Every structure is written in structure tokens, then in C-alpha cells.
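Summary of the model geometry
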Amino acid sequence: MRTQVAIIGAGPAGLTLGRLLERAGIDAVVIEQRSPEYVLGRIRAGVLEQSAVDVLRAIGVGARMDTEGLPHDGVELSFDGDMLRIDFEELVGRKVMVYGQTEVTRDLMDARAETGAVSIYEAENVAAHDFDGASPRVTYTKNGQSFEIACDFIAGCDGFHGVTRASVPKGAIHNFERIYPLGWLGVLVDQPPVAPELIYAHHARGFALCSMRSETRSRYYVQVSASEDVANWSDDRFWDELRARLNPEIAENLKTGPSIEKSIAPLRSFVAEPLRFGSLFLAGDAAHIVPPTGAKGLNMAIHDVAVLAEALTEHYGEKSKAGIDAYSARVLTNTWRAERFSWWMTQLLHTFPDSGDFGRRIQRADFDYLRASRIARQSLAENYTGFKP
Ligand code: APR
Ligand code: PHB
């Protein structure tokens, strides 16, 4: 088989890229190691910046998001129970859209199925070859048979544990990483959200987040240690711990029920540099990871592939290499901006085993500064809703 762009990975990065390229008349094939059901079974974050919303609308997959998504004008912070609202609309004139990543993925999959775009699921032993030379290829096996896709470019959209970044020679790539000694224990429940907006809570017992998927489905998290086992957390234990970390008046309104999903995600900051190796590009979680505190991961992935699609469109349309040459630097500028913000939100809101009394006082001072200063709140709002210079 031959295609122009071989896309490895059918998460939001790979599927959005596929759709962008399809719209630009560029031929692409998506190769994914899991089944469609498995991909749709993963519960991930759910906050879209305006620029991500714009991309999804522009590629014709925004209809369900526009009817079922929840536009939010702000979020609440809670620090040892003291509440502070960050009013995005008033501070920076922007909103965010609460719409689950799983739903974004489903919309993109449906759109692909409708146009008959080629997606290969359950591909095994996927490998990228010869991206340094003139004839890049992707090979894989399926049902015991070997396949090869010849292409012009390979897009590595295969997430943090994918094969593409691992296939770059060690000396050609530099990885920057911070691993936090924490995880987020998340619960999905069919109950109305405790409050109309997201609540990010700092508490001496640890961070907690109240989020939602719809008016009848909520998503809650509590900080746990990185080595925690989800089997130790009954639903009752989870609800008790969540209530203990919230403002008591809010906690009183919490509607609990049997969890429909419960899992622990580690917290990590990671950036690979550069993001282009000959005709191979890294995008999304394959290129960078942020702790979920700033709700940036999905937005970064969509940003990356929008830049990549523009570069490839320029390459095929105007025969210009400028976009391709600029890809890594453009994406890294946006990446480090989001990395800084996600790191800062994480520092502010979690409890760390080694920060001591001094660290706790600094966190309180950071929160008090936000409370006292419109400029500080504006900075948070600008970054949360997606700072684009
Ligand atoms: N071959 C083919 N596909 C692979 C391989 C492989 N060797 N390894 C991983 N994949 C697939 C995974 O199964 C997954 O479906 O690549 C896809 C990567 O998707 P995501 O992990 O969702 O990453 P991305 O599309 O970059 O989206 C980033 O996901 O983790 C969140 O916070 C993150 O919201 C952000 C978003
Ligand atoms: C979520 O709803 O899962 C969610 C929301 C905001 C975050 C992280 C996760 O910062």
C-alpha cells in the first residue's frame, strides 16, 4: 500500500490529523494497535480551549460538541475550603468547552467511517523505517500477515508509550522529564455535578477536582500517592475522602453513587526535543506529557496536529518546506508554555511529601496573591483558556 502520510496512533492527535489532511486533499492512513472499542473505553480529560473547539468545528466534527458540550465561563479554586472564582469571561473574554475526550474521539471516528478513510485497527508490531532517507515506510502485522505502507511522511501520534519516539536514535533526541510522586484517582459517576463549574481544591489531605461530563454525569479526582493501588479504594472510601477535601457547604451537595469507572493516572511532565527527524514528526502525547492539572493535554495534541497539517498542506500545495522546517520550533514554543502552566497549577494545588511547612506557606501565599490581584487571576485565566500570542 502507498499513502502520502502514514499516521501511527488513533487517539485524538492521529484522528484530528487524519481529518485535517483529508480536508486538505492529502491522502493518509491511520494505523492503531488497539481496537476501536478499546480506544473509546479510555476515560480522559474533558476541557477544550476555544482554539481546539475552532479546529474541531472547522473540520466538520463540532456538531455534537456544540449541542452536548457545556460552555464554561470560569472555574473555582478552593484552598483549605476558601473559595475563589476565576471568571474567564470577565478576565480575558474567553470560555472553555467541557466535552469529554472520549466523545471527541468518537466524533472523529464516526467522521472517518462516513468518508471511508482508511484506518487499520489492531495492527501489531507497528514500526517506522527509513524516515531519514527518501523512502519512509511503516510496517505492521495483522492476523499473522505482514504489511508495509510506503509513504512520504510518518506522523508519530502514538502516545507516550508509542513506538515512533522510541525508534529515533538516542543521540538525536533529548528528553526533559519530571515525575511527581503523585497520582490522580478518578471516578466517573452518573450523578449531577456538585457545582455548575469545575472546582480545583487544595487541601492538607491532598488535591481534589470536581469535574463533569454532562449535567447528569460527573468526574471526580483525589490525589493519591503514585504507588497507590486502585483496589484499596472502595466507592465509600473515595466519597469520604473527596468530601473531606472540599469546602463543607459544597461537600454537603455532593451526590454520590456507584462508580462506573475508577482508575489511577500518574502525574508527569515530559518534553522531547526536537519533534522532527527527517520525514518523521512527533505530535500529541508522543511528543509531550503534562500533569492533568491545567487540562492541557488534549488541547496541546490538537494544536500540534493543526500546525503539522498546515505544514504538510504547504508542502504539497505550494511546494514549500518552510512549514515543515518550522514545525518543531513552533510546537515546542506552545509546548513549553503549557508545560510551565501545568507545572505551576500542579505545584499550587497538590500536597507534596517533601515540601514542609515552608512549602505550604508559599502555596497559601500564591493562593492569596490570586485572591488579591486581578492581574494574577488574569494570568491564570489567560493560560487556562489557551494563551496564543
Ligand atoms: N502502534 C500503533 N498505535 C499505537 C502504538 C503503536 N506501537 N502505541 C500506541 N498506540 C496508540 C494508542 O493505542 C492510542 O490509541 O496511539 C494512540 C495514542 O493516543 P493518545 O494516548 O490518546 O494520545 P494523543 O492522541 O496524543 O492524545 C493526547 O490523550 O492522554 C491524553 O492527556 C492526553 O488528552 C491528551 C491526549
Ligand atoms: C476531567 O474532567 O477529567 C478533567 C478536567 C480538568 C482537568 C483534568 C481532568 O484539569
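Residues numbered from 1 in each chain as written. Chains lettered and ligands numbered in written order. Predicted model: local features only at pLDDT ≥ 70, side-chain atom pairs only at ≥ 80, totals over all residues. Heavy atoms only, no water.

A few words now on the site of ligand 1. As a matter of local geometry, ligand 1 sits amid 25 residues, with Glu 32, Arg 42, Arg 44, Gln 101 and Asp 285 nearest to it. Interatomic distance of 2.9 Å between a backbone N/O atom of Ala 13 and an oxygen atom of ligand 1. One nitrogen or oxygen atom from the side chain of Gln 101 is found 2.5 Å from an oxygen atom belonging to ligand 1. Protein chains shield 89% of the accessible area of ligand 1, which is 710 Å² for the free molecule. Among the elements that line the shell around ligand 1, the one with the most residues is helix α9 (residues 297–318), at 3 residues. (Near = heavy atom within 4 Å. Polar contact = N/O pair within 3.5 Å; in protein donor to acceptor, adjacent residues only side chain to side chain. Areas by Shrake-Rupley, 256 points an atom, 1.4 Å probe, with all protein chains shown as cover. Helix = DSSP H or I, 4+ residues; strand = E, 2+ residues; numbered from the N terminus.)

So, about the site of ligand 2. Taken together, 15 residues sit near ligand 2, with Tyr 200, Ser 211, Arg 213, Tyr 221 and Pro 292 positioned nearest. In the model, an oxygen atom of ligand 2 is placed 2.8 Å from a nitrogen or oxygen of the Arg 213 side chain. Protein chains shield 99% of the accessible area of ligand 2, which is 280 Å² for the free molecule. Among the residues forming the shell around ligand 2, the class breakdown is 9 nonpolar, 3 polar and 3 charged. (Nonpolar A, V, L, I, M, F, W, Y, C, P; charged D, E, K, R; others polar.)

With 22 residues, α9 extends 31 Å from end C-alpha to end C-alpha; this agrees with the ideal 32 Å at 1.5 Å per step. Once α9 finishes, Lys 319 follows within two positions and takes phi at roughly 55°, a positive value. (Expected span 1.5 Å × (residues − 1).)

Before going further, it helps to spend a moment on the nonpolar core. Residues Val 5, Ile 7, Leu 17, Leu 21, Ile 31, Leu 48 and Leu 312 are the most contacted members of the largest nonpolar core, which totals 72 residues. At 10 residues, α9 tops the list of elements feeding residues into this core. Counting 34 residues, the second-largest nonpolar core is a separate cluster that includes Leu 84, Leu 349, Leu 370 and Tyr 384. (Core = buried A, V, L, I, M, F, W, Y, C linked by side-chain atoms within 4.5 Å. Buried < 20%, exposed > 50% of the residue type's maximum accessible area, 1.4 Å probe, protein only.)

This next bit is on the side chain of His 202. For His 202, the position within the fold is in strand β14 (residues 199–202). A distance of 3.1 Å separates the side chain of His 202 from the backbone oxygen of Leu 349, its partner in a polar contact. Setting aside chain neighbours within four positions, we find His 202 in contact with Ser 78, Phe 79, Asp 80, Leu 348, Leu 349, His 350, Thr 351, Arg 360 and Gln 363. (Contact = heavy atoms within 4.5 Å.)

Moving on to the sheet that holds strand β13 (residues 174–189). Strand order in this open sheet of 8 strands is β6-β5-β14-β15-β16-β13-β17-β20, and the pairing throughout is mixed. Looking at which strands have only one partner, the edges of the open sheet turn out to be β6 (82–87) and β20 (288–289). One ladder, built from 2 bridges, connects strand β17 (residues 259–273) with β20; its direction is antiparallel. Across the sheet, the residue bridging to Val 271 is His 288, located in β20. Contacts from helix α7 (residues 235–245) reach β13, β14, β15 (208–212), β16 (218–225) and β17 within the one sheet, and its direction differs from that of β16 by about 85°. (Pairing = 2+ DSSP bridges. Axes fitted to C-alpha atoms, helices over the stretch in contact; angles between N-to-C directions.)

The next subject is the packing of aromatic side chains. Note on aromatic pairs: each is described by the distance of the centres and the angle between the planes. Going through the model one piece at a time under the given rule, you end up with 16 aromatic pairs. Between Phe 79 and Phe 367, the ring centres sit 5.0 Å apart and the planes meet at 25°, which makes this aromatic pair stacked. Of this pair, Phe 79 sits in strand β5 (residues 74–79) while Phe 367 sits in helix α11 (residues 356–372), and the two are 288 residues apart along the sequence. Of the residues examined, Phe 367 reaches a relative accessible area of 1% and is grouped as buried. Seen in terms of ring centroids, Phe 238 and Trp 239 are 5.3 Å apart; in terms of plane orientation they differ by 80°. Their pairing is edge-to-face. Judged by relative accessible area, Phe 238 falls into the buried class, the value being 0%. On the basis of relative accessible area, Trp 239 is assigned to the buried category, the value being 3%. Through successive ring pairs, a cluster of aromatic residues spans Phe 88, Trp 184, Tyr 200, Phe 207, Tyr 221, Phe 341, Trp 344 and Tyr 384. The side chain of Arg 237 reaches across the aromatic face of Trp 233, ending 3.7 Å from its centre. (Phe/Tyr/Trp six-rings, centres within 6.5 Å; stacked < 30°, edge-to-face > 60°. Lys NZ or Arg CZ within 6 Å of the ring centre and 35° of its normal.)

Per the stated rule, a full pass over the model turns up 29 salt bridges. Arg 64 serves as the salt-bridge partner of Glu 103, at 2.8 Å between the closest nitrogen and oxygen. Taken together, the residues Glu 103 in helix α6 (residues 101–115) and Arg 64 in helix α4 (residues 63–68) connect sequence positions 39 residues apart. Salt-bridge contacts for Arg 268 lead to Glu 177; the nearest nitrogen and oxygen are separated by 2.6 Å. Remark: Glu 177 occurs in strand β13 and Arg 268 occurs in strand β17; sequence separation between them is 91 residues. (Salt bridge = Lys/Arg side-chain N within 4 Å of Asp/Glu carboxyl O.)

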